[in-house]
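Fold and contact review
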Amino acid sequence: GQLDDAGEAGGVLKMIGDTADGNGIQMQKSESVYLQSGNKFAVESRVALGDADLSNFVFGLATTDSTLVASLPDDCIVFTVAGGNASIKYKVDKNGSASAVDSGVDFADDVYRKLGFNYNGDDTIEIFIDGSSVGTVTTNLPDDEVLALSLGFNTGADAEKYAKIDWVKVVAEL
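In this report, we go over the structure that sits alongside the text. (Residues numbered from 1 in each chain as written. Predicted model: local features only at pLDDT ≥ 70, side-chain atom pairs only at ≥ 80, totals over all residues. Heavy atoms only, no water.)

A closer look at the packing of aromatic side chains
Under the counting rule described, the total for this entry stands at two aromatic pairs. For the pair phenylalanine 79 and phenylalanine 117, a centre-to-centre distance of 6.3 Å together with 35 degrees between the ring planes defines the contact as tilted. Within this pair, whereas phenylalanine 79 is found in strand 7 (residues 76-81), its partner phenylalanine 117 is found in strand 10 (residues 113-119), the two being separated by 38 residues in sequence. Classification of phenylalanine 79 as buried rests on a relative accessible area of 1%. (Phe/Tyr/Trp six-rings, centres within 6.5 Å; stacked < 30°, edge-to-face > 60°. Helix = DSSP H or I, 4+ residues; strand = E, 2+ residues; numbered from the N terminus. Buried < 20%, exposed > 50% of the residue type's maximum accessible area, 1.4 Å probe, protein only.)

Right, here's the structure in full:
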């Protein structure tokens, strides 16, 4: 896979998977986010998938992993889209005990969605899509690992596909 400029105003990152099914690219910032009592934070990104039902995509926080999209780490708070289905799922996983939920919201081809979640500094992660709450998670919070900001994209078919990342933000309450 490769990174490119999507050619949109303000500078949009384009993550491109090549023409082989399952090939793509991933990025992880160093592990720096920890779910600790009293430390509230929010994570959000504005994302579009060029071919929503033929894309594999991951965004959120996870332990460092060299195969982020193919096999999610055992500790993560992520949004996922699996090839063959444009459905946006969210997964909160501690030590391989996942709470995975279909958000009820799908991507459409080349249409931006805002994906985000907030940690309340105690025992709850609230999930948002396009600014609306789609659920909360109170079990399997990965509170025993330091997590990395994570983005991954793979093609879900034998054709070049892409994801566009307009922006990413991580905000911590100090």
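Overview of the sheet that holds strand 12 (residues 132-137)
Reading across from one edge, 1-2-14-5-10-11-12 is the order of the seven strands in this open sheet, with antiparallel pairing throughout. Edge positions in the sheet fall to strand 1 (2-5) and strand 12, since each of these pairs with one other strand and no more. Across the sheet, the mean angle from the axis of one strand to that of its neighbour is 25 degrees, orientation sign disregarded. (Pairing = 2+ DSSP bridges. Axes fitted to C-alpha atoms, helices over the stretch in contact; angles between N-to-C directions.)

Digging into the nonpolar core
Counting residues in hydrophobic clusters, the biggest one holds 34 residues, and the most contacted among them are Leu49, Phe57, Phe79, Phe107, Phe117 and Ile125. Of all elements in the fold, only strand 5 (41-49), strand 6 (55-62), strand 7, strand 8 (87-94), strand 10, strand 11 (125-129), strand 13 (146-155) and strand 14 (161-172) reach the threshold of two or more residues within this core. What phenylalanine 107 contacts, discounting residues up to four positions off in sequence, is Val47, Ala48, Leu49, Ala52, Val81, Ala86, Ile88, Arg113 and Leu115. Ranked by size, the runner-up nonpolar core spans six residues in total, among them Val58, Leu68, Cys76 and Val78. (Core = buried A, V, L, I, M, F, W, Y, C linked by side-chain atoms within 4.5 Å. Contact = heavy atoms within 4.5 Å.)

Topic: the side chain of serine 150
Structurally, serine 150 can be placed in strand 13. A distance of 2.8 Å separates the side chain of serine 150 from the backbone oxygen of alanine 148, its partner in a polar contact. Those residues in contact with serine 150 that lie beyond four places of it in its chain are Met27, Gln28, Val58, Phe59, Gly60, Leu61, Ala62 and Leu68. (Polar contact = N/O pair within 3.5 Å; in protein donor to acceptor, adjacent residues only side chain to side chain.)

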